[in-house]
Each structure stands twice: as C-alpha cells, then as structure tokens.
Amino acid sequence: MEKLNLPEYDFRIKTENGKQLIFDGIRKKFVALTPEEWVRQNFVQFLKQEKHFPESLMAVEKQIMVNSNPRRFDLLVYSRKGQPHLIAEFKAPGVKITQETFDQVVRYNMALRVERVLVSNGMQHFACEIDYSTNSYSFLREIPEF
C-alpha cells in the first residue's frame, strides 16, 4: 500500500483467497484492504496513538438515517458522555478532496451534530470545528488532542 502523509504503523495483514485483508481493531475482524480502508486504518491509529482518542469511543461504518435514507459513516468518535464528537470521511489517496466530499460528511452530520468534522485522503487532512450557535465552522490548523 501507498505511503501516506501520516506516521507509519504496524498492521496485521493477511491474504485470503487471493485478497489482502487488514485487521480492524474497532470492528474486531479482518476486512478487505482497499485504498480507502488503508487510509481509515492509518488514521484510526493516528488518532489513537498521536492524539490520544480512546478506541472504545470509536465506531466504524455504522448506519445512520439521513433524510429518511440509510447512510454509512466512515468513522465516528463519541465524547466521554456518549455524544457524537467527531465524524470523519476517508477517501483513497488518489481521490481529490473536493467540496462534494465536505458536502457528503455535512449531510451525515445533520443527523449527528458533532463538534468536529475531519476529511482525509491520507495525503491531505482537513479538520473543522462547528459552531451551532452561529451556524458557522472554522478550519483547524491541526487535529486537536482528545
């Protein structure tokens, strides 16, 4: 897999029926190692190891309802009080981060109302903080610690 703009981490990777799989510690199972999954797994490790996000407060690829339509988010981190805190959308390294990418995660956030939004393709990372009192957001210079 491609070198990302993140620290390097060790992963459990295996090949089964000609397909590469990576162990997802949050879902507690091996999943297909796609370029997007590679970004997700690296970013989860970054959040855990560098930013001290507790793995026990992370959820991966869970379904939510957005305008009566089922959708799946890439990563959701809850606060210690059990409220949605950060939602992340991941793309493969070759996929450019566009306004459409932000629109996608903002649509998911309509159902969640998180404090922070994160978008990454493993090479570029964008984090925003949302202020619901003024209906505005601001980009953060770096991803804050938990």
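The following paragraphs examine the structure supplied in this document. (Residues numbered from 1 in each chain as written. Predicted model: local features only at pLDDT ≥ 70, side-chain atom pairs only at ≥ 80, totals over all residues. Heavy atoms only, no water.)

**Comments concerning the sheet that holds strand β10 (residues 125-131)**
Next, step 1: Strands sit in the order β4-β7-β8-β9-β10-β11 across an open sheet of six strands; the sheet is mixed. Pairing within the sheet leaves two strands with one partner each, and these edge strands are β4 (58-60) and β11 (136-139). The average angle at which neighbouring strand axes cross in this sheet is 20°, direction not considered.
Next, step 2: Pairing of β10 with β11, which is carried by four bridges, proceeds in the antiparallel orientation. Bridge assignment links I130 to a residue of β11, and that residue is Y137.
Next, step 3: Where helix α2 (residues 99-112) meets the sheet, it contacts β7 (75-78), β8 (84-90), β9 (116-120), β10 and β11, and its direction lies at approximately 150° from that of β8. (Pairing = 2+ DSSP bridges. Helix = DSSP H or I, 4+ residues; strand = E, 2+ residues; numbered from the N terminus. Axes fitted to C-alpha atoms, helices over the stretch in contact; angles between N-to-C directions. Contact = heavy atoms within 4.5 Å.)

**A word on the sheet that holds strand β3 (residues 29-32)**
Next, step 1: Taken in spatial order, the three strands line up as β1-β2-β3 in an open sheet, and their pairing is antiparallel. A strand with exactly one partner marks an edge of an open sheet, and here the two such strands are β1 (13-16) and β3. When the angles between neighbouring strand axes are averaged without regard to direction, this sheet yields 40°.
Next, step 2: Sheet strands in contact with helix α1 (residues 35-49) are β1, β2 (19-24) and β3, and its direction is about 25° off that of β2.

**Quick notes on the layout of surface pockets**
Next, step 1: Reported here for the largest pocket is a volume of approximately 390 Å³.
Next, step 2: Forming the boundary of the largest pocket are 16 residues, of which V106, N109, V117, I130 and Y137 lie nearest the centre.
Next, step 3: Listed by contribution, the elements that provide at least two residues to the lining of the largest pocket are α2, β10 and β11.
Next, step 4: For the lining of the largest pocket, the element with the most residues is α2, which contributes six residues.
Next, step 5: Residue composition of the lining of the largest pocket, grouped by class: nine nonpolar, four polar and three charged.
Next, step 6: Of the pockets and cavities examined, the second largest pocket occupies roughly 170 Å³.
Next, step 7: What lines the second largest pocket is simply D10, F11, R12, F23, D24, G25, I26, Q41, V44, Q45, K48 and E55.
Next, step 8: Those elements giving two or more residues to the lining of the second largest pocket turn out to be β2 and α1. (1 Å grid on protein atoms, 1.4 Å probe; cavity = no way out; pocket = protein on both sides within 12 Å on 5 of 7 lines; lining within 4 Å. Points joined across faces, edges and corners; volume = space filled by probe spheres on them. Nonpolar A, V, L, I, M, F, W, Y, C, P; charged D, E, K, R; others polar.)

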